[in-house]
Amino acid sequence: MKRVLSGIQPSGNLTLGNYIGAMKNFVKLQHDHQCYFMVVDLHAITVPQEPAALHEQTETVAALFLAAGIDPAKASVFLQSHVSAHAELGWLMTTLVYMGELERMTQFKDKSEGKESVGAGLFTYPALMAADILLYNADLVPVGDDQKQHLEITRDLAHRFNKRFGEQFIVPEPYIPQVGARIMSLDDASKKMSKSNPNPGSSIALLDEPDVIRKKISRAVTDSGREIKYDPANKPEVSNLMSIYSHCADLSIAEIEAKYDGLGYGPFKKDLAEAVVGALEPLQQRYRDIRSSGELRTILRQGAEQASVIANETLRGVKEKMGFVKP
Ligand code: ATP
Ligand code: LTN
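All chains use their own residue numbering, which begins from 1 and follows the written sequence. Each chain takes a letter, starting from A, and each ligand takes a number, starting from 1, following the order in which they are written. Residues qualify for local features only when their pLDDT is at least 70, as the model is predicted, and side-chain atom pairs are given and counted only at 80 or more; totals for whole chains, interfaces and linings, by contrast, use all residues. Hydrogens and water molecules were not included; the side-chain quantities draw on all heavy atoms of the structure.

### Examining the site of ligand 1
Point 1. For each residue, the test is whether any non-hydrogen atom lies within 4 Å of the molecule or strand; if one does, the residue is near. Within the structure, ligand 1 sits among 21 residues, and Lys-111, Asp-146, Lys-192, Ser-194 and Ser-196 are positioned closest to it.
Point 2. Taking Asn-18, its side chain carries an N or O atom lying 3.1 Å from an oxygen atom of ligand 1.
Point 3. For this analysis, a polar contact is any N or O atom pair within 3.5 Å, provided that within protein one partner can donate a hydrogen and the other can accept it, and provided that sequence-adjacent residues contribute only side-chain to side-chain pairs. Between an oxygen atom of ligand 1 and a side-chain N or O atom of Lys-192, the distance comes to 2.3 Å.
Point 4. Here ligand 1, which alone exposes 600 Å², has 97% of that area covered by the protein.
Point 5. Looking at the shell around ligand 1, the element that brings in the most residues is helix α1 (residues 16-29), giving 4 residues.
Point 6. Here the residues of the shell around ligand 1 sort into 6 nonpolar, 10 polar and 5 charged. Method for areas: the Shrake-Rupley scheme with a 1.4 Å probe, in which residue coverage is limited to the protein chains shown. Think of it this way: any DSSP run of H or I at least four residues long counts as a helix, any run of E at least two long counts as a strand, and we number them from the N terminus. Side-chain classes follow a simple rule in which Ala, Val, Leu, Ile, Met, Phe, Trp, Tyr, Cys and Pro form the nonpolar group, Asp, Glu, Lys and Arg form the charged group, and the remainder, Gly included, forms the polar group.

### Things to note about the site of ligand 2
Point 1. Around ligand 2, the structure places 14 residues, and the nearest of them are His-43, Tyr-125, Met-129, Asp-132 and Gln-147.
Point 2. In the environment of ligand 2, a nitrogen atom lies 3.4 Å from a nitrogen or oxygen atom belonging to the side chain of Gln-9.
Point 3. Residue Tyr-125 places a side-chain N or O atom 2.6 Å away from a nitrogen atom belonging to ligand 2.
Point 4. With the chains in place, 91% of the 360 Å² that ligand 2 exposes on its own is no longer accessible.

### Structural notes on unusual backbone geometry
Point 1. Unusually for a residue other than glycine, Asn-137 sits at a positive phi of about 50°.
Point 2. With respect to the secondary-structure elements, Asn-137 resides in the loop between α7 (120-134) and β4 (140-142).
Point 3. Phi is positive for Asp-250, which is not a glycine, with a value near 60°.
Point 4. As for its position among the elements, Asp-250 is in the loop between α10 (236-249) and α11 (253-259).

### Considerations on the nonpolar core
Point 1. Nonpolar cores are built from buried Ala, Val, Leu, Ile, Met, Phe, Trp, Tyr and Cys residues. Side-chain atoms within 4.5 Å join them into one set. Each residue is assigned to one of three classes by its accessible area relative to the maximum for its type, calculated with a 1.4 Å probe on protein chains only: buried under 20%, partly exposed between the two thresholds, exposed over 50%. Formed by 59 residues in total, the largest nonpolar core has its most connected members in Leu-16, Met-23, Phe-65, Leu-206, Ile-244 and Val-276.
Point 2. If you tally residues by element for this core, the top one is helix α12 (residues 265-293), at 11 residues.
Point 3. Any two residues whose heavy atoms approach within 4.5 Å are treated as being in contact. What Phe-65 contacts, discounting residues up to four positions off in sequence, is Ile-8, Met-23, Phe-26, Phe-37, Met-38, Val-39, Ile-70 and Val-77.
Point 4. The next biggest cluster of nonpolar side chains, apart from the first, holds 41 residues, and it includes Val-40, Phe-108, Ala-130 and Ala-304.

### Some thoughts on the UniProt feature "short sequence motif: 'HIGH' region" (unreviewed entry) in the protein
Point 1. Within this numbering scheme, the UniProt entry marks residues 10-18 as carrying the feature "short sequence motif: 'HIGH' region" (unreviewed entry).
Point 2. Helix makes up 33% of residues 10-18 and strand 0%, with an end-to-end C-alpha separation of 11 Å. UniProt positions are given in the numbering used here, feature names are shortened, and annotations may be inferred rather than shown by experiment.

### Digging into the packing of α1 against α10
Point 1. Fitted lines through C-alpha atoms serve as axes, helices being fitted only where they are in contact, and the angles separating the N-to-C directions of these axes extend from 0 to 180 degrees. At a minimum axis distance of 11 Å, the contact between α1 and α10 shows a crossing angle of 60°. Judged by the inter-axis angle, α1 sits oblique to α10. For the element pair α1 and α10, the recorded crossing hand is left-handed. Contact residues: α1 offers Leu-16, Ile-20 and Lys-24, while α10 offers Ile-244, His-247 and Cys-248.
Point 2. Here the contact of α1 with α10 is built from residues that sort into 4 nonpolar, 1 polar and 1 charged. Between 65 and 115 degrees an angle is taken as roughly perpendicular, under 35 as roughly parallel, over 145 as roughly antiparallel, and anywhere else as oblique. Each helix crossing is assigned a hand: it is left-handed if the near helix lies turned anticlockwise from the far helix by less than a right angle, otherwise right-handed if that turn is clockwise.

### Some points on the packing of aromatic side chains
Point 1. Stacked, edge-to-face and tilted are the three classes for Phe, Tyr and Trp ring pairs, Trp counted by its six-membered ring, which pair at centre distances within 6.5 Å; planes under 30 degrees apart are stacked, over 60 edge-to-face, the rest tilted. A full pass over the atoms with the stated rule returns 10 aromatic pairs.
Point 2. On the basis of an interplanar angle of 80° and a centroid distance of 5.4 Å, the ring pair of Tyr-260 and Phe-268 is categorised as edge-to-face.
Point 3. Residue Phe-268 is classed as buried on the basis of its relative accessible area of 2%.

This is the structure:
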């Protein structure tokens, strides 16, 4: 079975962007792949996090993995900080990656822009992400479009290590959805929907109440036309809403165009809101059940145990090849 690994940062409330771009594929791939899905808490602290908030958000994201349909009997679900091999291989990767490579990362540029002080971990972030993936010899990495550049560095580091020290790593491929790889903000279609955007109206959180979702969608920016047509270059706002609709109502873009031919934005937005509410309601119910059942701790402990077996084995091989003396 091919291996799959991915992670999501507990840096805020998960959005529909996280769900459509990444989590939906986690759920799909678990049936015929050996899967590892983690909450990347070590990555979240590359920007300042309040300890109590980090703690709460980490548990929330883990519970949302399960609520979205990840089955712990099929996939290992764990926290990155529970498998110490991540931090260790992360350091080794930091020594392999070049400054020039890190300087080109758009995520670093975006997140450091205008900040007075920026932690060094935000800069070396891709080395830890490469470690995450390479520890499991993952073949596929389900992510949104914004992570392509980090996957490219990971692939380069895998090649570099194999060439310098001997064959060790599988070179992973990104697994990116065809529709919805980059869900845009509801208030500005030039920016990606992001859980750390301070304007709550810019995104739909997976745990938003139905009426909040309806309000956000009714206020979502559109153009001054009335045609429901998928044309990201000329109609980015409407095209974005269509991608969301396509995922939540399980309709193709062509089916949506046909359904709303000549109807204008009003009925489309109303139906879209109900489709999103309908898609999120069962997830929200499962989320509440999981949080109140107290089963999360056990699932995360078991997930970390399963992950550690593979991760420690890889780390041992890496250290031996690099010349470290065995304990
Ligand atoms: P932050 O704002 O803290 O950077 P984020 O919302 O961008 O967070 P991440 O934790 O960085 O989320 O990403 C988790 C996964 O969700 C990644 O695979 C990422 O590509 C995907 N993702 C995030 N935002 C979107 C989006 N707007 N559209 C599609 N996929 C997305
Ligand atoms: N950088 C990713 C989160 C992440 C990740 C990973 C994704 C950390 N490690 C390993 C896939 C595989 C992001 O979403 N910003």
